[in-house]
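Structural description and commentary
Okay, here's what each chain looks like letter by letter:
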Amino acid sequence: MIRKSVHIVGAARTSFGKLNGRLSHIRPDDLAADLLKQLLSRNNINPKWVDRLIIGCSNQAGEDNRNIARMVSVLSGLPFETHAVTLNSLCTSGLESIIQGARCIALGEADLIVCGGVESMSRSPLVTSSISNKTFDSTIGWRFVNPKMTDFCPTYSMPQTAEWVCSTLKLDKNKLDDLAFESRERYEKAIANNIHQQDIISHSTELVPKPYIDEPHRVLSRNLMNKLPFIEETGRYITLGNAARIGDGAGLVLLASDSFIHEYGVPSLAKVEQWSSVACHPNDMAKASTTAIQKLIKEHSLDIHQIDAIEHAESFSLQTYLISNEFKFHTDRINRHGSNISTGNPISAGPMRAMVRMTHLIHNGLENGLVTSSAGLGQGTALLLQKVELRVCVFCQIFT
């Protein structure tokens, strides 16, 4: 198989807005198109150089319908000849778009591809069947469920699957709350040190005093977290404190080949080295990231203890617990500057927080890192990023 190097030459996301919050007035295609224009400009990349656009979007029931990637391509001013495709694997959609883009570059099919995810859950419509006249809120969760599905597995909601895993493992809820509290503390420190400014490009119409702070973030005392209500009526583990909030946002990365960075003198921030996608029983959704990491390290003979950090797009702090417990990986090395617990998790855009953060962590000094996410119905994705070795390009006299 042809295998060429895959570089990340740009990475950014919007700040994330809470449900019906400060980004709810922006259409999802406008949100992603504006981010794309600013990302290209920030990295001095001509739109004509983009070969392909691949965007993950998991709702696709409203303004994000009919191949939103193509709409973003047109709205951002890319040439009409730029191919665009939208994919959907629920919460892993953003990372899956990067895997598809990396494959294209590794096989020599393209030299510059924009990948990422976008979601506007605030603008998700009510949808009505023209056959049964049943109406569903398309914001999140099951809709128009095939009645045959229950013959194969329960149609649990995401919190229900998390409750099921916690109950099966007989976990201590306090451990989940501790992890969520730590995540919020790390995010607060990162904000104080302006770390997220490197990751975030504000939307051009977003008139807020602190555009680099994600709207879903809430400062909660550890004592208050104990008192927050459970998401499920009969729940015992998953609360509003240890689960990520839904909302709106977008994130994009620019993937490039060796030949592209040599020809145009664009510096590489990190390399996409390996990737893995897995599936498990839908009830085990929370374990899917762990399973994806297991597959990645097994297939490529990696030593998990030589991995510097993990950025995980968690829907629940449970998932961080599972990764840490399975690999004996200290939680200080998982989501170093906060997680989706603080930023929010706008489905397809949620994992882009992790991808953008890890890209900049590696560019700023880490040798390597894993980015991973789980998705509803029991799917998981993991990618390994590595630092780029410095070498002089004799043709263009740049460092890559």
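Residues numbered from 1 in each chain as written. Predicted model: local features only at pLDDT ≥ 70, side-chain atom pairs only at ≥ 80, totals over all residues. Heavy atoms only, no water.

What follows covers the pattern of salt bridges. Counted by the stated rule, this structure contains 15 salt bridges. Between Arg-27 and Asp-29 there is a salt bridge, and its shortest N-O distance comes to 2.9 Å. Notably, a salt bridge pairs Lys-173 with Asp-177, separated by 2.4 Å at the nearest N-O pair. Taken together, the positions of Lys-173 and Asp-177, both in helix H5 (residues 173-192) and four residues apart, correspond to about one turn of that helix. Residue Lys-173 shares its accessibility class with Asp-177, and that shared class is buried. Each of the salt bridges in this network shares a partner with another, and the network as a whole consists of Arg-27, Asp-29, Glu-63 and Arg-123. (Salt bridge = Lys/Arg side-chain N within 4 Å of Asp/Glu carboxyl O. Helix = DSSP H or I, 4+ residues; strand = E, 2+ residues; numbered from the N terminus. Buried < 20%, exposed > 50% of the residue type's maximum accessible area, 1.4 Å probe, protein only.)

Under the 1.5 Å per step criterion, the end-to-end length of H5 is 29 Å for 20 residues, consistent within 8% with the ideal 28 Å. Of all the positions in H5, only Lys-173, Leu-176, Asp-177, Leu-179, Ala-180, Phe-181, Ser-183, Arg-184, Arg-186, Tyr-187 and Ala-190 are classed as buried. Looking at the buried positions of H5, the neighbouring elements they touch are helix H4 (158-169), helix H6 (222-225), helix H9 (317-327) and helix H10 (340-343). A distance of 2.9 Å separates the backbone nitrogen of Asn-174 from a side-chain oxygen at the start of H5, and that oxygen is part of Asp-172. Note on H5: the residue one or two positions beyond its end, Asn-194, has a positive phi of about 60 degrees. (Expected span 1.5 Å × (residues − 1). Contact = heavy atoms within 4.5 Å. Polar contact = N/O pair within 3.5 Å; in protein donor to acceptor, adjacent residues only side chain to side chain.)

Moving on to unusual backbone geometry. Phi is positive for Asn-133, close to 65 degrees, though the residue is something other than glycine. Along the chain, Asn-133 turns up in the loop between strand E6 (126-128) and strand E7 (135-137). The class of Asn-133 is exposed, set by a relative accessible area of 58%. With a phi close to 55 degrees, Lys-170 is a non-glycine residue in the positive phi region. Among the structural elements, Lys-170 can be located in the loop between H4 and H5.

A probe matching the size of a water molecule, rolled over the atoms, marks out where space remains unfilled. Roughly 980 Å³ of volume is contained in the largest pocket. Taken together, 37 residues line the largest pocket, and the ones lying closest to its centre are Ile-140, Gly-141, Met-158, Pro-159 and Ile-347. At three residues, H4 tops the list of elements feeding residues into the lining of the largest pocket. (1 Å grid on protein atoms, 1.4 Å probe; cavity = no way out; pocket = protein on both sides within 12 Å on 5 of 7 lines; lining within 4 Å. Points joined across faces, edges and corners; volume = space filled by probe spheres on them.)

Our next topic: H9. Across the eleven residues that make up H9, a large majority, nine, are buried. Lining the buried residues of H9 we find H4, H5, helix H8 (288-299), strand E10 (310-313), H10 and strand E11 (368-375).

Within the secondary structure, Ser-89 sits in the loop between strand E4 (83-87) and helix H3 (93-106). Taking relative accessible area as the criterion, Ser-89 reaches 11% and is therefore assigned buried. Within polar-contact distance, the side chain of Ser-89 engages the side chain of Thr-92 at 2.7 Å. Beyond its immediate chain neighbours, meaning those up to four positions away, Ser-89 contacts Glu-96, Ala-375 and Gln-379.

The subject of this paragraph is the environment of Thr-205. Turning to its location among the elements, Thr-205 is positioned in the loop between H5 and H6. For the pair Thr-205 and Ala-244, spaced 39 residues apart in the sequence, the C-alpha separation amounts to 26 Å. When near neighbours in sequence (up to four residues on either side) are disregarded, Thr-205 contacts His-25 and Ile-26.

Another point: the packing of H3 against helix H11 (residues 350-363). Between H3 and H11, the least distance of the axes is 6 Å, while the angle of their chain directions is 55 degrees. Comparing their axes, H11 and H3 come out oblique. Contact residues: Gly-94, Leu-95 and Ile-98 in H3; Pro-351, Met-352 and Met-355 in H11. When grouped by side-chain class, the residues that make up the contact of H3 with H11 number five nonpolar, one polar and no charged. (Axes fitted to C-alpha atoms, helices over the stretch in contact; angles between N-to-C directions. Parallel < 35°, antiparallel > 145°, perpendicular 65-115°, else oblique. Nonpolar A, V, L, I, M, F, W, Y, C, P; charged D, E, K, R; others polar.)

In this section: the pairing of E10. The alternating pattern of E10 places Ile-310 and His-312 on one face and Glu-311 and Ala-313 on the opposite face, and all of these are buried. Strand direction decides the pairing type here: E10 and E11, joined by four bridges, are parallel. Paired with Ala-313 across the bridge in E11 is Ser-373. (Pairing = 2+ DSSP bridges.)

Tracing the backbone through its elements, the reader meets Thr-92 in the loop between E4 and H3. In this structure Thr-92 comes out as buried when scored by relative accessible area, which is 1%. With residues near it in sequence (within four places) discarded, Thr-92 still touches Ser-373, Ser-374, Ala-375, Gln-379, Gly-380 and Thr-381.

Residue-level pLDDT values for the chain average 93, and 95% of them are 70 or greater. A low-confidence stretch, residues 391-400 (pLDDT under 50), is modelled with 20 contacts involving residues beyond four sequence positions or located in other chains. (pLDDT = per-residue confidence, 0-100.)

This part covers empty space enclosed by the protein. One pass over the full model with this rule turns up two cavities of 30 Å³ or more. Considered as a void within the structure, the largest cavity measures approximately 80 Å³ in volume. As for the largest cavity, its lining consists of Leu-179, Glu-182, Ser-183, Arg-186, Glu-314, Thr-320, Thr-331, Ile-334, Asn-335, Gly-338 and Ser-339. For the lining of the largest cavity, the leading source of residues is H5, giving four residues. Each residue belonging to the lining of the largest cavity can be placed in one class, and the counts come to two nonpolar, six polar and three charged. As for the second largest cavity, its lining consists of Pro-28, Gly-62, Glu-63, Asp-64, Ser-120, Arg-123, Ser-124 and Pro-125. Residue composition of the lining of the second largest cavity, grouped by class: two nonpolar, three polar and three charged.

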